[in-house]
Each structure stands twice: as C-alpha cells, then as structure tokens.
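Chain by chain, the residues:
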Amino acid sequence: LVPGTPAPASLPTSRLCYSTNSESPLLQCVMTGDWINDLGSTMTIGTVNGKGLFTGSYLTAVTASNNEIKVSPLRGSLQRSNEKGQPSFGFTVNWSFSDSVTVFVGQCFVDGTGQEVLRTMWLLRSHVDDINDDWKATR
C-alpha cells in the first residue's frame, strides 16, 4: 500500500503490504487484522461483514503535509463471491490530518510461502480552492 499523501511528483504505483495476522488459514487470504507496508505504514481492518463491508484505521508513515500525522479512518468492501480465497477489494481513507482522501483498490494474495500480501493501486484527491486548479488535485 502507498500511504497518505505522496511526494508531489510521484505517481501511483503497485506496492506490497504484508499481514501480521498469524491466524489466517493457509492458502486463504483473510483481510481482517493488522497490516504493514514496505514504507512502515500500518493498517488495521476490523471484521468483514456478510456483505463484504469493513472498517478500520490507517496510520501512514509518510506525508507531503506539514501537519502532524494522525490515525485515519478507512471504509471498504471486498468481493465476497471469490471462491478462490484471494479477493479483490477497495477502501477509502479519509485523512484526519489533511484535506485529502485516498482510494485504494487491489487484491489479497497468498504467496508461495503462505504469506498474505495485498497488492494495491491508489488515487489521492486533495482540496483545491478553484476549478482551474482541478488538474493538480488528483495524484
């Protein structure tokens, strides 16, 4: 996962996020639990309900904002009809410390060693004061 607000010149890229949940069954990706990405950001996903909806929190390790980083809420859903145990998902993080929102989409995989891995892409939308600045609001 790519957390928070990226550096202004960066583009969305696919990143890895690894589970710290040791209770997941082998060969089935369970999204509930704690996750950490390669930049040190952490995410906790609570219970996934019968409709595939979940909530949680995200603490980014990086930001382009000058504000103090704070834990931010997330809401999402996953594809429950995937019977192969590696669901696609999406979630939104409403950053508590800035006027921006990030949406993530991805898939939960189980690699050859049994490790759960999230592969994601993201878009960040920041507030701008004028429609003429719309071009620079999404990264």
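With an unreviewed UniProt entry as reference, the chain is termed Avidin, source organism Trogon melanurus. Quoted verbatim from the Sequence similarities (unreviewed entry) field of UniProt, the annotation for the chain is "Belongs to the avidin/streptavidin family." The Subcellular location (unreviewed entry) field of the UniProt record for the chain holds the comment "Secreted".

A word on the state of the cysteines. Disulfides are covalent bonds that connect the sulfur atoms of two cysteines. The tally for this structure, following the rule as stated, stands at one disulfide. Two residues share a disulfide in this structure: Cys-29 and Cys-108, whose sulfurs sit 1.4 Å from each other. Between Cys-29 and Cys-108, the S-S dihedral sits near -45 degrees, and the bridge is therefore left-handed. In this pair, Cys-29 sits in the loop between strand 1 (15-19) and strand 2 (33-37) while Cys-108 sits in strand 7 (residues 100-110), placing the two residues 79 residues apart along the sequence.

What follows concerns the pairing of strand 2. In terms of strand pairing, strand 2 meets strand 3 (residues 42-45) through four bridges, oriented antiparallel. Counted as the bridge partner of Trp-35 is Met-43 from strand 3. The hairpin turn running from strand 2 into strand 3, its antiparallel successor, is four residues long, and Gly-40 in that turn takes a positive phi close to 95 degrees.

Grouped together as the largest cluster of nonpolar side chains are 21 residues, with contacts concentrated most on Met-31, Met-43, Phe-54, Tyr-58 and Phe-91. Listed by contribution, the elements that provide at least two residues to this core are strand 3, strand 4 (53-59), strand 5 (72-78), strand 6 (88-94), strand 7 and strand 8 (116-126). With residues near it in sequence (within four places) discarded, Met-31 still touches Ile-45, Phe-54, Leu-78, Phe-89, Cys-108 and Leu-118.

As a further point, take a nonpolar patch on the surface. Taken together, the side chains of Val-101, Val-103 and Leu-123 present a nonpolar region at the surface, about 210 Å² in accessible area. Within the secondary structure, Val-101 is located in strand 7. Val-101 sits in the partly exposed class, given a relative accessible area of 32%.

What follows concerns the packing of aromatic side chains. Evaluated as defined, the whole model comprises five aromatic pairs. A ring pair is formed by Phe-89 and Phe-91, whose centres lie 6.1 Å apart and whose planes are at 10 degrees; its orientation type is stacked. Phe-89 sits in the buried class, given a relative accessible area of 5%. Through a chain of ring-to-ring contacts, the aromatic side chains of Tyr-58, Phe-89, Phe-91, Trp-95, Phe-97 and Phe-104 assemble into a single cluster.

What counts and what doesn't
Residues numbered from 1 in each chain as written. Predicted model: local features only at pLDDT ≥ 70, side-chain atom pairs only at ≥ 80, totals over all residues. Heavy atoms only, no water. UniProt positions renumbered as here; feature names shortened; annotations may be inferred. Disulfide = S-S within 2.5 Å. Helix = DSSP H or I, 4+ residues; strand = E, 2+ residues; numbered from the N terminus. Pairing = 2+ DSSP bridges. Core = buried A, V, L, I, M, F, W, Y, C linked by side-chain atoms within 4.5 Å. Buried < 20%, exposed > 50% of the residue type's maximum accessible area, 1.4 Å probe, protein only. Contact = heavy atoms within 4.5 Å. Patch = residues over 30% accessible without salt bridge, like charges linked within 9 Å, V, L, I, M, F, W, Y side chains within 5 Å. Areas by Shrake-Rupley, 256 points an atom, 1.4 Å probe, with all protein chains shown as cover. Salt bridge = Lys/Arg side-chain N within 4 Å of Asp/Glu carboxyl O. Phe/Tyr/Trp six-rings, centres within 6.5 Å; stacked < 30°, edge-to-face > 60°.

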